[in-house]
Protein chains: 4
Amino acid sequence: MGIKTKHEYIESLRQLKPTVYMFGEKIENVVDNPRLKAGIEATAATYELAEIPEYRDLLVTQSSLINEAVNRFTLPPGSIQDLVARVKINRTLGNWVGTCHQRCTGLDCLSALSIVTYDIDQKYHTPYYARFIDFLKTVQKNDLTANAGVTDVKGDRSLSPKEQPDPDVYLHVVEKRDDGIVVRGAKAHQTGSLSSHEIIVLPTRALRKGEEDFALAFAVPADAPGLIHVVGRSSLDTRELDGWDCGNLRYSKYCPTIIFDNVFIPWQRVFMCGQVEFAQEMVARFSAFHRQSHGGCKSGKIDCMAGAALTMMDYNGTAKAGHLKQKVIDMIHRAETLYGCSLAASYEGHKEPSGTYFIDPVLANASKIHEGREMAEAIRLMIDVAGGFVADLPSERDLHHQIIGPLIKKYLKGASDVSTENRMKMYRLIEKMAMESADTISDIHGGGSPEAHRITIFRESNIDAKKKAAKRLAGIVDA
Amino acid sequence: MGIKTKHEYIESLRQLKPTVYMFGEKIENVVDNPRLKAGIEATAATYELAEIPEYRDLLVTQSSLINEAVNRFTLPPGSIQDLVARVKINRTLGNWVGTCHQRCTGLDCLSALSIVTYDIDQKYHTPYYARFIDFLKTVQKNDLTANAGVTDVKGDRSLSPKEQPDPDVYLHVVEKRDDGIVVRGAKAHQTGSLSSHEIIVLPTRALRKGEEDFALAFAVPADAPGLIHVVGRSSLDTRELDGWDCGNLRYSKYCPTIIFDNVFIPWQRVFMCGQVEFAQEMVARFSAFHRQSHGGCKSGKIDCMAGAALTMMDYNGTAKAGHLKQKVIDMIHRAETLYGCSLAASYEGHKEPSGTYFIDPVLANASKIHEGREMAEAIRLMIDVAGGFVADLPSERDLHHQIIGPLIKKYLKGASDVSTENRMKMYRLIEKMAMESADTISDIHGGGSPEAHRITIFRESNIDAKKKAAKRLAGIVDA
Amino acid sequence: MGIKTKHEYIESLRQLKPTVYMFGEKIENVVDNPRLKAGIEATAATYELAEIPEYRDLLVTQSSLINEAVNRFTLPPGSIQDLVARVKINRTLGNWVGTCHQRCTGLDCLSALSIVTYDIDQKYHTPYYARFIDFLKTVQKNDLTANAGVTDVKGDRSLSPKEQPDPDVYLHVVEKRDDGIVVRGAKAHQTGSLSSHEIIVLPTRALRKGEEDFALAFAVPADAPGLIHVVGRSSLDTRELDGWDCGNLRYSKYCPTIIFDNVFIPWQRVFMCGQVEFAQEMVARFSAFHRQSHGGCKSGKIDCMAGAALTMMDYNGTAKAGHLKQKVIDMIHRAETLYGCSLAASYEGHKEPSGTYFIDPVLANASKIHEGREMAEAIRLMIDVAGGFVADLPSERDLHHQIIGPLIKKYLKGASDVSTENRMKMYRLIEKMAMESADTISDIHGGGSPEAHRITIFRESNIDAKKKAAKRLAGIVDA
Amino acid sequence: MGIKTKHEYIESLRQLKPTVYMFGEKIENVVDNPRLKAGIEATAATYELAEIPEYRDLLVTQSSLINEAVNRFTLPPGSIQDLVARVKINRTLGNWVGTCHQRCTGLDCLSALSIVTYDIDQKYHTPYYARFIDFLKTVQKNDLTANAGVTDVKGDRSLSPKEQPDPDVYLHVVEKRDDGIVVRGAKAHQTGSLSSHEIIVLPTRALRKGEEDFALAFAVPADAPGLIHVVGRSSLDTRELDGWDCGNLRYSKYCPTIIFDNVFIPWQRVFMCGQVEFAQEMVARFSAFHRQSHGGCKSGKIDCMAGAALTMMDYNGTAKAGHLKQKVIDMIHRAETLYGCSLAASYEGHKEPSGTYFIDPVLANASKIHEGREMAEAIRLMIDVAGGFVADLPSERDLHHQIIGPLIKKYLKGASDVSTENRMKMYRLIEKMAMESADTISDIHGGGSPEAHRITIFRESNIDAKKKAAKRLAGIVDA
């Protein structure tokens with residue numbers, strides 16, 4: 001059946017045995033590790049909401065592929081309605097978890113593959129689309145979570161893949177066998193790779209003739225032999241590890257680097273191998289979908305940040321300060337801008353040859369350009385509204401300390417109808433939403449760098465029509 | 001028949017005999033006055049495009065009210081598709097005329113009336129909706145243009161209408177007769193009032209008990225006795241009057257103040273009279289529609305400005321300057337932001353009790369807030385790209401002067417494949433799009449002041465849901 | 001004696017017989033032409049203030065060169081105090097005239113020449129510095145106004161001077177004679193050229209070997225034979241010409257293009273001829289001084305705009321609106337930013353080999369980068385505060401019209417203690433300060449394009465010191 | 001003698017026995033605690049630089065009070081040169097430590113006291129100034145560091161001190177004795193309180209009649225009985241505690257809350273007690289000085305961030321990417337803006353009755369308003385330039401791990417001439433400068449909230465002069 005419960009999801013992860021290092025130690029139990037658990041919980045919310053009647057219709061739909069109800073995170077968009085649902089689900093989830101739920105990237109990969117494998121086959125009569133559909137059925141039937149192995153570590157960025165001193169800085173085929181391929185390389189910023197059953201690998205950039213070995217797309221289980229997850233550090237990562245001052249009591253985010261140390265991929269899971277001219281297409285489709293996703297989840301996170309700012313105004317006794325209300329309006333305005341452009345990109349989508357729907361890339365990138373700048377501003381505004389304790393709030397251990405605790409309770413009291421404990425909790429949540437690097441850096445770099453979004457918006461705009469309109473009004477007749 | 005040609009439209013205006021003053025003189029022939037004609041041409045474009053096959057489907061639709069094809073500018077939205085069409089038509093027209101086409105405000109009034117007259121009738125069993133539908137049929141059958149008599153001159157803004165020393169600064173009933181009412185007052189910023197057949201008057205603000213005489217909505221022919229149009233000055237107004245250096249060779253904009261010097265309105269054209277609690281509703285609906293309209297036309301104007309900037313790069317020999325291309329991207333990004341939020345507001349619309357569709361006000365206001373700031377920035381960027389001659393280009397009279405002309409031609413030459421004349425024309429268009437006050441001030445104040453948009457976005461947002469989400473994550477249980 | 005009265009200044013201009021075209025006509029009487037007169041009045045303010053006791057000490061100082069009191073606009077800075085005085089005078093004047101006073105560019109040229117002619121002489125034993133000092137004495141003794149002939153018309157900007165199809169698009173020597181040189185070319189954006197006694201020409205860009213003929217600096221009387229001023233159009237230029245609705249009742253700005261149609265320059269007035277490697281130096285020094293000047297005058301203009309906004313709040317009855325006050329603060333903040341950076345650039349100046357003081361170029365450019373963006377924003381804020389009548393205020397001819405006048409007076413009334421006439425005058429001034437292209441475009445392009453300011457700030461910063469500091473903290477030891 | 005070495009400074013702190021809690025535990029050894037030590041090192045840099053010949057002249061000057069050489073951090077400004085030196089020292093130190101050096105607040109208190117105690121005495125014949133001078137001599141002779149006990153915890157911010165349910169949320173006198181006073185309350189955001197010998201307490205806001213007990217200024221040793229430092233959490237606080245992945249290998253920042261649990265202050269150290277009308281003056285002077293300080297140190301921090309961004313471009317192979325260079329220019333521009341306004345505020349300072357020099361408050365606040373917004377933007381730009389590893393770089397423990405280490409070294413390699421270790425170190429420093437909450441929140445809230453800066457700039461501007469200038473130009477003669 002195509003829908004897992006949250007409990008089933010977590011238990012299914014428990015069956016996996018990935019190779020994981022974190023902070024210089026090998027991690028044997030991923031699911032119960034407090035740092036990783038908080039991240040898994042965020043992805044688990046995508047399962048949990050499908051169980052809650054209020055949200056079920058948003059999350060669950062029928063798959064015509066397997067003729068079963070499925071979680072939308074396993075469904076490449078087959079209609080405008082599906083495109084729109086992606087944005088609304090992401091906004092709901094962004095608000096629900098107050099961080100990244102980490103499941104969108106897998107769907108963005110599935111969506112890109114469902115377009116491009118078809119296009120490659122049309123040109124080369126390759127078997128990629130059929131293989132992909134086979135894989136997709138597995139994903140849907142088992143309600144799997146996948147993660148996007150897109151960003152190569154890249155080495156010296158002024159050099160193309162084949163110019164690199166060490167070619168392994170871009171993932172590539174090192175051996176082709178009868179039963180499959182062996183790949184080597186590393187993918188960075190693998191948000192949620194340990195919350196995933198599968199890693200879906202796509203190329204990270206345009207490729208040229210001679211770079212066939214880098215033109216690769218495939219899926220591989222997160223615990224495949226040779227695949228090593230190295231969980232990176234983030235600013236607040238010890239909070240969950242220590243178990244206190246977490247801020248967000250339920251959810252968090254983590255981002256490993258995944259090393260592919262000679263990993264075997266059976267042909268049945270290889271969705272592109274060598275078609276260099278489709279590498280750009282693959283990453284562009286993925287990125288466009290991913291930028292659309294951000295327009296949803298990040299506006300949802302601002303919703304939650306605005307809620308935190310407003311609550312803190314209640315707690316501080318500043319609910320009537322006009323200039324603070326103006327700042328909250330500035331936050332809301334930013335949320336609606338991300339959301340509006342992302343929604344519009346969805347409503348203005350169209351059908352690709354494979355039957356999958358694709359969003360309007362100009363509007364999706366318009367949303368993402370705002371994100372790169374405006375999330376930082378929304379965070380700044382939240383801090384401005386909340387006050388200086390975002391920087392230096394005493395620990396909850398101090399609050400519960402026998403000697404110092406009563407003094408903390410006395411002196412950190414705000415409005416008389418609010419307990420010091422609640423005020424401290426809200427400050428801690430604001431700290432988490434503002435200062436968790438695993439979260440905030442993706443506002444800038446998620447879905448490609450800001451410059452990539454700008455280049456895309458120019459390339460996809462109709463420049464000639466714009467010039468023509470101006471010339472007509474100026475009375476200029478081109479020769 | 002419900003569709004006028006451009007020619008029929010202009011001839012129909014010629015039949016009207018409005019009372020008009022401009023620059024201290026009485027104007028007898030409006031249609032052929034060069035200053036006013038350029039504005040009328042902009043509105044005429046809404047008729048002209050309906051004649052051009054490429055645009056006909058965008059502009060023309062079937063009215064179920066009169067069972068005829070009608071121009072969409074006479075059709076209150078009856079579906080999501082109608083809401084979306086409004087934005088797309090406006091973007092097309094904004095790009096086509098490079099200024100304000102001036103016909104949206106009438107439709108925005110019709111749309112607001114089609115919702116609120118119904119609501120009033122539901123409460124008070126008044127006959128407003130039926131009267132309005134009767135008027136609407138006339139508008140559709142004759143493809144009329146209307147303009148929005150919304151903004152009262154307001155006197156001392158710290159005082160409410162009834163507190164004003166001179167009550168006439170808010171338009172109000174001065175006499176009720178058996179056959180109708182007599183009204184007095186003045187409406188400012190009446191863009192396109194002389195391009196219109198009808199003036200539709202709505203209240204400009206919320207009203208309270210005791211202010212019944214100000215709670216007025218009605219329609220009146222643009223040449224009704226006692227109605228006086230005083231065309232205001234705009235920065236480039238003498239260019240059309242003198243007939244050279246116009247910049248935009250086809251279109252322009254003008255904005256009269258209309259004085260209602262004891263104007264009689266028959267009851268059949270009165271759509272609200274005395275229901276103070278609906279005044280706010282009326283202006284809020286109008287404003288929301290109007291802010292949505294702006295998201296279309298202003299993005300279309302940026303399209304045209306980006307085209308002008310890009311053309312000037314060709315003409316100046318700066319087409320390869322990376323920093324200028326970045327500035328054009330910044331312009332395009334702004335256009336897409338206005339458009340995206342406005343489109344999203346349309347797709348997320350809903351049906352009101354009367355059957356008319358209403359847009360999402362939060363998203364519509366998000367678009368307008370951007371306009372207030374970003375149009376100025378888009379203009380600044382266009383000037384930056386184009387260069388200093390936006391300020392001080394010699395006149396076309398100099399270009400054609402026997403002695404100085406050849407020197408101008410020689411010294412204002414840019415890229416060798418472009419004539420000096422064309423380069424000067426493009427500079428002149430850019431000057432027009434950047435410096436025409438009739439146009440640019442409406443980026444800020446059109447559809448209400450920026451502060452109004454901000455207040456609306458806050459009022460229409462679900463503040464409690466935002467707080468609740470934050471508290472859940474912080475682990476706060478409200479008592 | 002070194003100080004002219006305002007009256008003497010205007011009479012001295014009357015003695016000049018420049019060749020002038022404006023709007024396709026030859027202008028014989030410059031001083032009494034209403035359009036040009038308003039600009040001349042702005043420059044005359046630099047003489048007038050020297051007569052007013054309150055400002056005399058600011059404007060007048062002792063010249064050690066001629067041992068007389070001189071107007072500071074004839075004095076290259078010989079001390080930090082002189083540098084600072086430049087900024088303060090400009091702020092005072094910007095506020096006093098509410099536009100550009102047009103006399104700074106000449107001083108900026110004198111200041112650049114007083115540094116670079118000395119440096120050239122040191123290298124080449126040329127006689128430039130002595131000639132310049134001789135010219136400077138004349139300027140000081142006669143309290144002359146000069147204007148900066150810097151910006152060539154440039155033709156195709158992707159080509160260097162010698163690559164141009166028509167070499168005349170960069171001013172150059174066409175003949176060298178025993179008694180002097182003959183030059184041909186054209187200089188654009190010659191703000192105040194008809195308010196000047198002398199035109200000082202500098203090169204507009206860096207030059208390379210082979211471009212010696214373009215490496216030119218000299219002074220020439222504004223009415224020299226062959227020198228033709230073509231006054232360009234600006235957005236509000238007909239207001240002064242018609243004599244009503246001027247907005248700023250006293251001052252305005254105009255910008256000719258000057259064509260040098262084989263103009264003879266005696267050697268005694270040639271300050272550089274052929275030293276290509278000093279061309280960049282010459283324009284860089286001029287630009288840096290000019291950017292510093294802008295930091296003064298433009299902050300003064302914002303002062304005046306803030307005053308207009310605040311007055312309009314009084315007149316509209318909105319003096320207590322918190323959000324409008326916030327916008328005025330945003331305006332003031334921008335003024336202080338321009339001023340602060342420009343002042344700091346002055347205080348941090350240093351002595352050059354010639355004895356002239358030069359400002360800190362990084363800080364001067366920091367000020368100018370802000371101007372390019374923030375003046376537009378300050379104007380937008382002023383319009384936002386003032387209201388929509390900036391776009392479309394009825395003419396003062398309407399106000400004084402027998403029939404329509406009383407109605408205008410009645411309906412444009414604001415606060416009860418303010419006459420309609422005064423309110424209209426203030427709206428008209430705001431329109432002038434916001435929409436006069438001759439003024440506002442120089443906020444962006446004056447002193448070189450925004451990109452030029454950015455490149456300068458990078459080039460003049462100590463990049464290596466910055467890297468070194470970061471490496472030290474990261475614990476990186478460079479090999 | 002008035003100059004301590006760095007070593008002497010640290011040893012002098014070792015003599016103190018403050019009461020300290022951190023993360024729920026009592027800390028007995030402050031100086032060797034790794035978390036606190038990194039902060040103390042930052043303050044120690046103010047001593048260290050005084051020992052380095054290159055910086056000695058910047059840091060050390062002669063005190064006319066004790067007739068000895070002193071560190072400038074003990075010297076209230078007695079000249080314009082002293083004011084300027086403050087900014088330059090802070091910029092140097094901000095760049096040197098890449099964080100907050102934490103010693104400016106004490107000097108800002110000394111500077112405020114040296115003005116206001118004199119003014120109080122002039123009015124009331126109190127002995128405050130003499131006591132203050134006596135204290136200042138001690139500070140200078142012993143080269144002491146002080147910290148600013150200004151920000152009360154404030155309770156419900158909608159209530160004034162005497163309206164609070166618990167009056168202790170504003171520090172106040174609870175007992176007056178012959179030998180001194182006993183005070184109770186708490187001060188938040190006490191940056192560097194454990195790096196200080198003395199805590200200087202000032203009131204945090206304006207006070208009214210009836211609030212005499214809150215109108216308090218005094219100095220108290222950091223280890224006085226009853227005084228409890230509770231070190232708050234900051235985002236990266238466990239990095240120093242664990243001793244790896246610190247980013248900034250030398251310096252950090254921490255911020256305790258200090259609780260005054262019935263602390264006795266002898267009269268000789270009381271500098272104000274009860275003069276409510278001077279409370280506002282005291283905090284305003286302190287804040288103005290502190291905002292000026294920020295203009296220095298924060299521009300220095302941006303210098304260091306720009307250096308880190310540029311270095312990372314070298315390491316990533318992106319040194320030639322034009323759009324990244326533009327972003328570094330945007331960073332530098334911001335640094336110069338803060339610096340320029342702060343410098344100008346200093347050069348435009350003036351002498352107060354006591355002989356101390358005070359800065360121009362409008363320009364100082366202009367600098368601080370920029371800081372509140374632009375530091376966040378500079379950080380965002382640095383992250384944009386550096387790339388995604390700011391979020392999730394593997395730990396240095398991973399780098400040194402036997403198994404995973406070599407793979408990390410291989411895959412995180414950038415440009416071939418840079419070791420992976422150095423690249424990781426630079427990423428870690430960037431993470432520290434971007435994500436350390438103890439640092440970044442003070443960009444917004446340090447020296448009072450952004451709204452406070454705005455109100456100040458308005459209050460201190462000459463509003464009437466601005467209005468008058470506008471009216472003159474509009475031709476308005478006030479009755």
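All values reported here derive from a predicted model rather than from experimental measurement.

About the cut-offs
- Residues numbered from 1 in each chain as written.
- Chains lettered and ligands numbered in written order.
- Predicted model: local features only at pLDDT ≥ 70, side-chain atom pairs only at ≥ 80, totals over all residues.
- Heavy atoms only, no water.
- Helix = DSSP H or I, 4+ residues; strand = E, 2+ residues; numbered from the N terminus.
- Buried < 20%, exposed > 50% of the residue type's maximum accessible area, 1.4 Å probe, protein only.
- Areas by Shrake-Rupley, 256 points an atom, 1.4 Å probe, with all protein chains shown as cover.
- Lys, Arg positive; Asp, Glu negative; His and termini not counted.
- Charge placed at Lys NZ, Arg CZ, Asp CG, Glu CD.
- Phe/Tyr/Trp six-rings, centres within 6.5 Å; stacked < 30°, edge-to-face > 60°.
- Lys NZ or Arg CZ within 6 Å of the ring centre and 35° of its normal.
- Axes fitted to C-alpha atoms, helices over the stretch in contact; angles between N-to-C directions.
- Parallel < 35°, antiparallel > 145°, perpendicular 65-115°, else oblique.
- Left-handed = near helix turned anticlockwise from the far one by under 90°.
- Contact = heavy atoms within 4.5 Å.
- Pairing = 2+ DSSP bridges.
- Buried area = accessible area lost by both parts, 1.4 Å probe.
- Salt bridge = Lys/Arg side-chain N within 4 Å of Asp/Glu carboxyl O.
- Polar contact = N/O pair within 3.5 Å; in protein donor to acceptor, adjacent residues only side chain to side chain.
- Nonpolar A, V, L, I, M, F, W, Y, C, P; charged D, E, K, R; others polar.
- Least-squares fit on C-alpha atoms with pLDDT ≥ 70 in both.
- Core = buried A, V, L, I, M, F, W, Y, C linked by side-chain atoms within 4.5 Å.
- pLDDT = per-residue confidence, 0-100.
- Expected span 1.5 Å × (residues − 1).

### A closer look at the overall build of chain A
Then step 1. Check the secondary structure of chain A and you find 17 helices and 14 strands.
Then step 2. Principal-axis analysis of the C-alpha atoms places the extent of chain A at approximately 75 × 70 × 50 Å.
Then step 3. Counting the 479 residues in chain A, one finds 72% classified as buried.
Then step 4. When the accessible surface of chain A is totalled, it reaches about 14,500 Å², and 50% of it is carbon and sulfur.
Then step 5. Placing the 59 positive and 61 negative side-chain charges of chain A at their respective mean positions leaves the two points 4 Å apart.

### Overview of the packing of aromatic side chains
Then step 1. Following the criterion strictly, the structure yields 39 aromatic pairs over all chains and no others.
Then step 2. For the ring pair Tyr55(A) and Trp96(A), a centre distance of 5.6 Å and an interplane angle of 65° mean the geometry is edge-to-face. Residue Tyr55(A) is found in helix H3 (residues 53-59), and its partner Trp96(A) is found in helix H4 (residues 80-97); the two are separated by 41 residues along the sequence.
Then step 3. Residue classification places Trp96(A) among the buried residues on the basis of a relative accessible area of 17%.
Then step 4. Here Phe389(A) and Tyr427(A) contribute two aromatic rings whose centre-to-centre distance is 5.7 Å and whose plane-to-plane angle is 75°, an arrangement assigned as edge-to-face. Remark: Tyr427(A) occurs in helix H14 (residues 420-435) and Phe389(A) occurs in helix H11 (residues 389-392); sequence separation between them is 38 residues.
Then step 5. You can call Tyr427(A) buried: its relative accessible area is 2%.
Then step 6. Grouped by ring-pair contacts, the aromatic residues Phe132(A), Phe135(A) and Phe271(A) constitute a single cluster.
Then step 7. The ring of Phe358(B) has Arg285(B) lying over it, and the distance from NZ or CZ to the ring centre is 4.3 Å.

### Brief notes about the packing of helix H10 (residues 361-386) of chain D against helix H14 (residues 420-435) of chain D
Residues and elements named next belong to chain D.
Then step 1. At a closest axis distance of 10 Å, the pairing of H10 and H14 adopts a crossing angle of 160°. If you check the angle between H10 and H14, you find them roughly antiparallel. In this structure, the crossing between H10 and H14 has a hand that is left-handed. Across the interface between the two elements, Ile379, Met382, Ile383 and Ala386 from H10 touch Tyr427, Ile430, Met433 and Ala434 from H14.

### What to know about the pairing of strand E6 (residues 172-176) of chain D
Residues and elements named next belong to chain D.
Then step 1. Of the strand pairs in this sheet, E6 and strand E7 (residues 180-187) are connected by four bridges, and their pairing is antiparallel. Its bridge partner lying in E7, Glu175 is registered against Val182.
Then step 2. Hairpin connection between E6 and E7: a loop of three residues separates the two successive antiparallel strands.

### Some details on the environment of Glu371(B)
Residues and elements named next belong to chain B.
Then step 1. Inspection of the secondary structure assignment puts Glu371 in helix H10 (residues 361-386).
Then step 2. Taking the relative accessible area as the measure of exposure, Glu371 reaches 1% and is therefore buried.
Then step 3. Taking the C-alpha atoms as reference, Glu371 lies 9.3 Å from Arg291; in sequence the two are 80 residues apart.

### A closer look at the interface of chain A and chain D
Then step 1. Contact with chain A, which involves 86 residues of that partner, is made by 86 residues of chain D.
Then step 2. When chain A packs against chain D, close to 6,700 Å² is buried across both sides, 60% of that on carbon and sulfur atoms.
Then step 3. Taken as a group, Arg233(A), Arg380(A) and Tyr411(A) account for 12% of the area that chain A buries against chain D, more than any other trio of residues on that side.
Then step 4. In this structure, the connection of chain A to chain D is made through six salt bridges.
Then step 5. Close ionic contact of Asp245(D) with Arg233(A) constitutes a salt bridge, the shortest N to O distance being 3.1 Å.
Then step 6. Seen at the junction of chain A and chain D, the total is 27 residue pairs in polar contact (both at pLDDT 80 or more).
Then step 7. Split into classes, the residues belonging to the side of chain A that touches chain D amount to 36 nonpolar, 24 polar and 26 charged.

### Looking at the relation of the copies chain A and chain D
Then step 1. Rotating chain A by 180° and translating it 0.0 Å along the rotation axis places it on chain D, where the RMSD comes to 0.0 Å. Here the two chains are linked by the operation of a two-fold rotation axis.
Then step 2. Both copies contact each other with a shared surface, as 100% of the interface residues of chain A are interface residues in chain D too.

### Notes on the pairing of strand E1 (residues 19-22) of chain B
Residue and element names in this part refer to chain B.
Then step 1. Across four bridges, the pairing between E1 and strand E10 (residues 227-231) is parallel. Pairing of Tyr21 across the sheet is with Val230, part of E10.
Then step 2. As paired elements, E1 and strand E2 (residues 25-26) share two bridges and run antiparallel to each other. Each bridged residue has a counterpart across the sheet, and for Met22 the counterpart in E2 is Glu25.

### Here's the deal with the pattern of salt bridges
Then step 1. Per the stated rule, a full pass over the model turns up 148 salt bridges over all chains.
Then step 2. Residues Asp237(A) and Arg233(A) are paired through a salt bridge, measuring 2.9 Å at the closest nitrogen-oxygen approach.
Then step 3. The buried category is assigned to Asp237(A), whose relative accessible area is 0%.
Then step 4. The partner of Asp443(C) in a salt bridge is Lys298(C), and the shortest N-O contact between them spans 2.6 Å. Placement of Asp443(C) in helix H15 (residues 437-445) and of Lys298(C) in helix H8 (residues 279-316) is noted, with a sequence separation of 145 residues between them. The exposure classification of Asp443(C) matches that of Lys298(C), with both residues buried.

### A few points about the environment of His172(C)
Residue and element names in this part refer to chain C.
Then step 1. Of note, His172 is situated in strand E6 (residues 172-176).
Then step 2. Remark: the alpha-carbon pair of His172 and Ala217, spanning 45 residues in sequence, is separated by 10.0 Å.
Then step 3. Among the polar contacts made by the side chain of His172, one reaches the side chain of Asp168 at a distance of 2.8 Å.

### Some thoughts on unusual backbone geometry
Then step 1. Despite not being glycine, Asn262(A) shows a phi value in the positive range, around 60°.
Then step 2. Along the polypeptide, Asn262(A) turns up in strand E11 (residues 256-266).
Then step 3. Its identity as a non-glycine residue notwithstanding, Asn67(D) has a phi of 55°, on the positive side.
Then step 4. For Asn67(D), the position within the fold is in the loop between strand E3 (60-63) and strand E4 (68-71).
Then step 5. Among the residues examined, Asn67(D) registers a relative accessible area of 62% and is labelled exposed.

### Considerations on the packing of H8(C) against helix H14 (residues 420-435) of chain C
Residues and elements named next belong to chain C.
Then step 1. Across the interface, H8 lies against H14 with an axial gap of 10 Å and an inter-helix angle of 150°. When the axes of H8 and H14 are compared, the crossing they make is left-handed. Touching Lys301, Cys304, Met305, Ala308, Thr311, Met312, Tyr315 and Asn316 of H8 are Asn422, Arg423, Met426, Tyr427, Ile430 and Met433, all from H14.
Then step 2. Here the residues of the contact of H8 with H14 sort into nine nonpolar, three polar and two charged.

### Considering the nonpolar core
Then step 1. One finds Met426(A), Met426(B), Met426(C) and Met426(D) to be the most contacted residues of the largest nonpolar core, which totals 362 residues.
Then step 2. When sequence neighbours within four positions are dropped, the list of residues in contact with Met426(D) reads Ala470(C), Lys471(C), Ala474(C), Ile476(C), Ala308(D), Thr311(D), Met312(D) and Tyr315(D).

### Things to note about the sheet that holds strand E8 (residues 198-201) of chain A
Residue and element names in this part refer to chain A.
Then step 1. The four strands lie next to each other as E5-E8-E9-E12, forming an open sheet whose pairing is mixed. Every other strand in the sheet has two partners, leaving strand E5 (146-149) and strand E12 (270-273) as the edge strands with one partner each. When the angles between neighbouring strand axes are averaged without regard to direction, this sheet yields 20°.
Then step 2. Contacting E8, strand E9 (216-221) and E12, helix H6 (residues 128-142) runs over the sheet at an angle of about 150° to E12.

### Concerning the sheet that holds strand E1 (residues 19-22) of chain D
Then step 1. One open sheet holds the six strands; their spatial order is E2-E1-E10-E11-E7-E6 (chain D), and the pairing between them is mixed. Since the sheet does not close on itself, it has two edges, and those belong to strand E2 (25-26) and E6 of chain D, each with one partner.

### Regarding the confidence of the model for chain A
In low-pLDDT regions, the fine details of the predicted coordinates are not to be read closely.
Then step 1. Here chain A averages 96 in pLDDT, while 100% of its residues score no lower than 70.
Then step 2. Reported confidences for the modelled complex are a pTM of 0.96 and an ipTM of 0.96.

### As for H4(A)
Residue and element names in this part refer to chain A.
Then step 1. Compared with the 26 Å implied by 1.5 Å per residue over 18 residues, the 26 Å span of H4 between its first and last C-alpha is a close match.
Then step 2. Judged by how many residues are buried, H4 sits mostly within the fold: 14 of 18 residues are covered.
Then step 3. Where H4 terminates, the next one or two residues include Gly98, which has phi positive at roughly 65°.

### Comments concerning H10(D)
Residues and elements named next belong to chain D.
Then step 1. For H10, spanning 26 residues, the distance from its first C-alpha to its last is 36 Å, which sits close to the expected 38 Å at 1.5 Å a residue.
Then step 2. Taken across its 26 residues, H10 has 24 buried, putting it largely inside the fold.
Then step 3. Positive backbone phi, at 110°, marks Gly387, one or two positions downstream of H10.

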